Amino acid sequence: MGGLKMYYEVHGSGDPVVLLHGSVHGNFGRLERLDRRTFQNAESDCIEMQGHGRTADIKRDFSYENLADDVAGLLDYLKIPNADIIGYSLGGGVAMQCAIRHPEKVRKVVSISAPFRRDGWVKEANDFWPTFTWEIFKGTPMEAEYKRLSPTPEKFPDFVNHIKAWL
């Protein structure tokens, strides 16, 4: 996967369901614990994408396409021929790109709270992105989670700037 060492967890057994987080790791905490009842006979694969959770950032553009290719590569690595994919926010965009770029790997897609194109965002969001800096995240749960889990906790400012360059 292009030098990316992706962290993932597998819960349960049966038909695979891939859970893709939003911009902050851990969006599916309750779902991961409930999946054995919610998805009967399902295996959930909880993936931490580039720069999120325990997966380090790498020198490569952030894009839905790159992240979708990472998901497809992980499915190959795990010898999972196809899966249902559920994505929230950032993960929703990645889930849609998985279906577009790797349709043979995707049975069903659930995309939650994800714009497909930037012109689908509200004006206030489009106005905000060019002005934000990593400093606005000082002391936030996002910074704390990054520093707690990341293999490179000192690179939080670089990670935020990397995402800003994408937006």
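All values reported here derive from a predicted model rather than from experimental measurement. (Residues numbered from 1 in each chain as written. Predicted model: local features only at pLDDT ≥ 70, side-chain atom pairs only at ≥ 80, totals over all residues. Heavy atoms only, no water.)

1. Let's talk about the overall build of the protein chain
Stated precisely, the cut-off is as follows: For helices the rule is a DSSP run of H or I covering at least 4 residues; for strands it is a run of E covering at least 2, with both sets numbered from the N terminus onward. Only protein chains enter the accessibility calculation, which uses a 1.4 Å probe. A residue is then buried if its area is under 20% of the maximum for its type, exposed if over 50%, and partly exposed in between. Each accessible area value is a Shrake-Rupley result obtained with a 1.4 Å probe; residue values ignore everything except the protein chains displayed when judging cover.
Across its full length, the protein chain carries six helices and five strands. Listed N to C, the secondary structure of the protein chain is β-β-α-β-α-β-α-β-α-α-α in terms of helices and strands. Scored against the burial criterion, the 167 residues of the protein chain give a buried share of 42%. Put simply, the protein chain shows about 9000 Å² of open surface, and 54% of that area lies on carbon and sulfur atoms.

2. So, unusual backbone geometry
Positive phi, close to 60°, is recorded for K79, a residue that is not glycine. Positive phi, normally seen in glycine, also occurs at S113, with a value near 55°. Mapping S113 onto the fold places it in the loop between β5 (106–112) and α4 (123–128). Given the relative accessible area of 52%, S113 is considered exposed.

3. Comments concerning the packing of aromatic side chains
Any pair of aromatic rings gets described here by the distance separating the centres and the angle formed by the planes. Stated formally: The pairing test for Phe, Tyr and Trp rings, Trp by its six-membered ring, is centres within 6.5 Å, and the orientation test on the planes gives stacked under 30 degrees, edge-to-face over 60, and tilted for anything in between. The rule for a charge over a ring is simple: NZ of Lys or CZ of Arg within 6 Å of the ring centre, and within 35 degrees of the ring normal.
Scanning the entire structure with this criterion turns up eight aromatic pairs. Plain terms: the ring middles of F132 and F137 are 5.8 Å apart, the flat faces sit at 85° to each other, and that makes the pair edge-to-face. A residue is classified by how much of its surface remains accessible, and F137, at 18% relative accessible area, is buried. These aromatic residues form a ring-pair network of at least three members: W121, F128, W129, F132 and F137. Above the face of the F132 ring, K164 is positioned so that its terminal group lies 5.8 Å from the ring centre.

4. Here's the deal with helix α3 (residues 90–101)
What counts here: Each helix should span, by expectation, one fewer than its residue count multiplied by 1.5 Å. Two residues form a contact once any of their heavy atoms are found within 4.5 Å.
Between the first and last C-alpha of α3 there are 16 Å, a value that for twelve residues agrees with the 16 Å anticipated at 1.5 Å per step. Considered for burial, the residues of α3 that qualify are L90, G91, G92, G93, V94, A95, Q97 and C98. In this fold, the buried residues of α3 make contact with β2 (15–20), α2 (64–77), β4 (83–88), β5 and α6 (156–166).

5. Concerning the environment of R101
Selection criterion: Any pair of nitrogen or oxygen atoms within 3.5 Å is treated as a polar contact; in protein, a donor-acceptor pairing is required on top of that, and neighbouring residues in sequence qualify only through side-chain atoms on both sides.
One can find R101 in helix α3. R101 sits in the partly exposed class, given a relative accessible area of 39%. Residues R101 and A72, spaced 29 residues apart in sequence, show a C-alpha to C-alpha distance of 9.0 Å. A distance of 2.9 Å separates the side chain of R101 from the side chain of D69, its partner in a polar contact.

6. Looking at the pairing of β2
Inclusion rule: Any two strands between which DSSP finds at least two bridges are classified as paired.
Counted residue by residue, β2 has five buried out of six residues, so it is predominantly covered. Judged from the four bridges that link them, β2 and β4 form a sheet pairing that is parallel. Bridge assignment links L19 to a residue of β4, and that residue is I86.

7. What to know about the pattern of salt bridges
Heads up, the rule is: Every case where a carboxyl oxygen of Asp or Glu lies within 4 Å of a side-chain nitrogen of Lys or Arg is listed as a salt bridge.
The tally for this structure, following the rule as stated, stands at nine salt bridges. Where R54 meets E48, a salt bridge forms, and the shortest distance between an N and an O atom there is 2.7 Å. Residue classification places R54 among the partly exposed positions, given a relative accessible area of 31%. Among the ionic pairs, D127 bridges to K123, the shortest N-O distance being 2.5 Å. Taken together, the positions of D127 and K123, both in helix α4 and four residues apart, correspond to about one turn of that helix.

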